[in-house]
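# Structural features, examined
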Amino acid sequence: MVRVLVGYATRAGSTAEVAGIIADELRARGCDVDVRDLRDAPDPAGFGLYVLGSAIQTMTWLPEALDWLRKHGQQVGRAALFNVSITAVDPTKNDEALRCNKAAAELVEATSQAAFAGRYAPEKVGFLKRLLFWVLAKKPGDHVDPPVIRAWARALTLDPAAPPGSAG
């Protein structure tokens, strides 16, 4: 049985929810999964696979997620990476949303990457973010798409030695 760390960094909770959906799918595939907030500085030792994600702030991962990767990236080596952002709501902007993983992908070898839409709840974000979303005409709503998230998790390789992008 493969032991998997699903690590995440979140601001308003959508990324934690996405991490939970990924973890449930990996458990259904027979994995032993530990879901941890990267702000809690989980020890990466003892895991065969890593699935790491972050909410997006100014087109990159949250600082605490990048700090964890800077500290542990060499030990992790390879990881599936995901982000949760308002950009991912628009399917025509998938490439732009995936570029938000760039800083994380420079710290580990990305075996797979995804960008998922989250939930925009104005009461959970600060004034400046509400103002930005108003300027961008982003409407409040739940954009989390569990079937899309589960499909990505099903496609992840469970073999730590497999080449990036292979299923299994």
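Here, the structure is the one placed above.
Residues numbered from 1 in each chain as written. Predicted model: local features only at pLDDT ≥ 70, side-chain atom pairs only at ≥ 80, totals over all residues. Heavy atoms only, no water.

### Comments concerning the pairing of strand β3 (residues 49-57)
- A large share of β3 lies buried, amounting to 8 of its 9 residues.
- Taken together, the 5 bridges between β3 and strand β5 (residues 78-84) define a ladder with parallel strand orientation. Residue pairing across strands places glycine 53 opposite phenylalanine 82, the latter belonging to β5.
- Judged from the 2 bridges that link them, β3 and strand β4 (residues 60-61) form a sheet pairing that is antiparallel. Within β4, the residue paired with isoleucine 56 across the bridge is tryptophan 61.
- Count of turn residues in the β3/β4 antiparallel hairpin: 2 residues, of which threonine 58 carries a positive phi of about 50 degrees. (Buried < 20%, exposed > 50% of the residue type's maximum accessible area, 1.4 Å probe, protein only. Helix = DSSP H or I, 4+ residues; strand = E, 2+ residues; numbered from the N terminus. Pairing = 2+ DSSP bridges.)

### So, helix α1 (residues 14-28)
- Taking 1.5 Å of rise per residue, the 15 residues of α1 would be expected to cover 21 Å, and the 21 Å separating its terminal C-alpha atoms lies within 8% of that figure.
- Restricting attention to buried positions, one finds in α1 the residues Ser14, Thr15, Val18, Ala19, Ile21, Ile22, Ala23, Glu25 and Leu26.
- With its phi angle positive at about 95 degrees, glycine 30 sits one or two positions after the end of α1. (Expected span 1.5 Å × (residues − 1).)

### Digging into the pattern of salt bridges
- Summed over all chains, the structure comprises 7 salt bridges.
- For glutamate 64, the salt bridge goes to arginine 11, with nearest N and O atoms at 2.5 Å. Taken together, the positions of glutamate 64 in helix α2 (residues 63-76) and arginine 11 in the loop between β1 (3-9) and α1 put the pair 53 residues apart, joining distant regions of the chain.
- On the basis of relative accessibility, which here comes to 18%, the residue glutamate 64 falls in the buried class.
- A salt bridge links aspartate 37 to arginine 39; its shortest N-O distance comes to 2.6 Å. (Salt bridge = Lys/Arg side-chain N within 4 Å of Asp/Glu carboxyl O.)

### Looking at the environment of serine 85
- Residue position: serine 85 is located in the loop between β5 and α3 (94-99).
- For serine 85, a relative accessible area of 7% puts it in the buried group.
- Once the C-alpha coordinates of serine 85 and tryptophan 61 are considered, the two residues, 24 residues apart in sequence, prove to be 9.8 Å apart.

### Description of the nonpolar core
- By size, the foremost hydrophobic cluster in this structure holds 24 residues, and its most contacted members are Val6, Ile22, Leu26, Val51, Phe82, Phe116 and Trp152.
- Only β1, α1, β3, β5, β6 (109-116) and α6 (146-155) provide two or more residues apiece to this core.
- Take this core: its biggest share by element is 6 residues, from α1.
- Excluding its chain neighbours within four sequence positions, the residues that come into contact with tryptophan 152 are Ile22, Val51, Ala80, Leu81, Phe82, Ser112, Gln113, Ala114 and Phe116.
- Counting residues in hydrophobic clusters, the runner-up holds 20 residues, among them Leu5, Leu38, Ile56 and Val76. (Core = buried A, V, L, I, M, F, W, Y, C linked by side-chain atoms within 4.5 Å. Contact = heavy atoms within 4.5 Å.)

### Considerations on the packing of α1 against α6
- Across the interface, α1 lies against α6 with an axial gap of 9 Å and an inter-helix angle of 50 degrees. Between α1 and α6, the crossing angle belongs to the class labelled oblique. For the pair α1 and α6, the crossing hand works out as right-handed. Residues Val18, Ile21, Ile22, Glu25 and Leu26 of α1 form the contact with α6, whose participating residues are Pro146, Ile149, Arg150, Trp152, Ala153 and Arg154.
- Here the contact of α1 with α6 is built from residues that sort into 8 nonpolar, no polar and 3 charged. (Axes fitted to C-alpha atoms, helices over the stretch in contact; angles between N-to-C directions. Parallel < 35°, antiparallel > 145°, perpendicular 65-115°, else oblique. Left-handed = near helix turned anticlockwise from the far one by under 90°. Nonpolar A, V, L, I, M, F, W, Y, C, P; charged D, E, K, R; others polar.)

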